[in-house]
Amino acid sequence: METYEKNTALVFKAFCDENRIKILNILSSGEKCACKLLEALSVTQPTLSHHMKILCDAGVVKARKDGKWMYYSLSYEGLRVAEEYLCTLKNTGKENEND
């Protein structure tokens, strides 16, 4: 069983690359085919696959296959993990400001 810390680290690892941030921004407007992501980025297909694996493993992006094409969209479950962690840190920081 994966720990909370490991899951959170996977999500933030997914955010630690400029190309993955670009991918997330592109997917924020809805599901996209891998071919559309390749057109928007200056990367090779193997590099895109690497980035998508990291994003999918983190639970930030979900993938579905339709014929020979892969389609990707945001997974709000993974994004929720990041949001909750940041909110926890923010609230803890506010409590410590009063000390």
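Residue positions within a chain follow its written sequence, with the count starting from 1. Note on the predicted model: pLDDT of at least 70 is required for a residue's local features to be given, and 80 or more for side-chain atom pairs to be given and counted; whole-chain, interface and lining totals, by contrast, use all residues. The side-chain values count all of the structure's non-hydrogen atoms but skip hydrogen atoms and water molecules.

**Q** Whenever I open this one, the overall build of the chain confuses me. Can you help?
**A** A tally of regular secondary structure across the chain gives five helices and three strands. Along the chain, helices and strands appear, N-terminal first, in the series α-α-β-α-α-β-β-α. Each principal axis of the C-alpha distribution contributes one length, and for the chain these read about 55 × 30 × 20 Å. Note on exposure labels: buried denotes an accessible area under 20% of the residue type's maximum, exposed denotes more than 50%, and partly exposed covers the range between, all computed with a 1.4 Å probe on protein chains only. Within the span of the chain, comprising 99 residues, buried residues form 27% of the whole. Restricting the contact set of the chain to residue pairs at least 6 apart, pairs at least 24 apart contribute 52%. With an accessible surface of roughly 6700 Å², the chain has 54% of that area assigned to carbon and sulfur atoms. None of His or the chain ends enter the tally, which takes Lys and Arg as positive and Asp and Glu as negative. Taken as the charge centre is NZ of Lys, CZ of Arg, CG of Asp or CD of Glu, depending on the residue. Averaged over its 14 positive side-chain charges, the chain has a centre that lies 9 Å from the centre of its 14 negative ones. Helix numbers and strand numbers start at the N terminus; a helix is a DSSP run of H or I with at least 4 residues, a strand a run of E with at least 2. Here, residues are in contact when the closest pair of their heavy atoms is within 4.5 Å. Accessibility throughout is a Shrake-Rupley quantity obtained with a 1.4 Å probe, and a residue counts as covered only by protein chains that appear here.

**Q** Is there a simple way to explain the side chain of His51 in this structure?
**A** Assignment of secondary structure puts His51 in helix H4 (residues 45–57). For His51, a relative accessible area of 5% translates into the label buried. Sequence-distant contacts of His51, defined by excluding residues within four places in its chain, comprise Asp17, Asn19, Arg20 and Ile23.

**Q** I'm lost on the pairing of strand E3 (residues 69–74) in this one. Help?
**A** The two faces of a sheet get side chains in turn, since along a regular strand they alternate between them. Only strands joined by at least two bridges in the DSSP assignment are considered to pair. In terms of strand pairing, strand E1 (residues 32–33) meets E3 through two bridges, oriented antiparallel. Each residue of the ladder has a partner; that of Cys33, found in E3, is Tyr71. The pairing of strand E2 (residues 61–66) with E3 spans six bridges and is classified as antiparallel. Residue Ala63 lies in a different strand from E3, and its bridge partner there is Tyr72. Once E2 ends, the chain turns through two residues before running back antiparallel as E3, passing Gly67 with a positive phi of about 70°.

**Q** Would you mind showing me how to read helix H2 (residues 18–27) here?
**A** Helical geometry: 3.6 residues make up each α-helical turn, so side chains three or four residues apart lie on a common side. All buried positions along H2 are accounted for by Arg20, Ile23, Leu24 and Leu27. Down the axis of H2, the smallest arc covering the buried residues is 100°, so these residues share one side. Among the exposed residues of H2, those oriented more than 90 degrees off its buried face are Glu18 and Asn25. Residues of H2 that are buried in the fold lie against helix H1 (4–14), E1, helix H3 (34–40), H4, E2 and E3. A distance of 2.8 Å separates the backbone nitrogen of Asn19 from a side-chain oxygen at the start of H2, and that oxygen is part of Asp17. An arc is given here, and it is the one of the directions from the helix axis to the C-beta atoms. Counted as a polar contact is a pair of N or O atoms within 3.5 Å, where, for protein atoms, one must be capable of donating a hydrogen and the other of accepting one, and residues adjacent in sequence contribute only when both atoms are in side chains.

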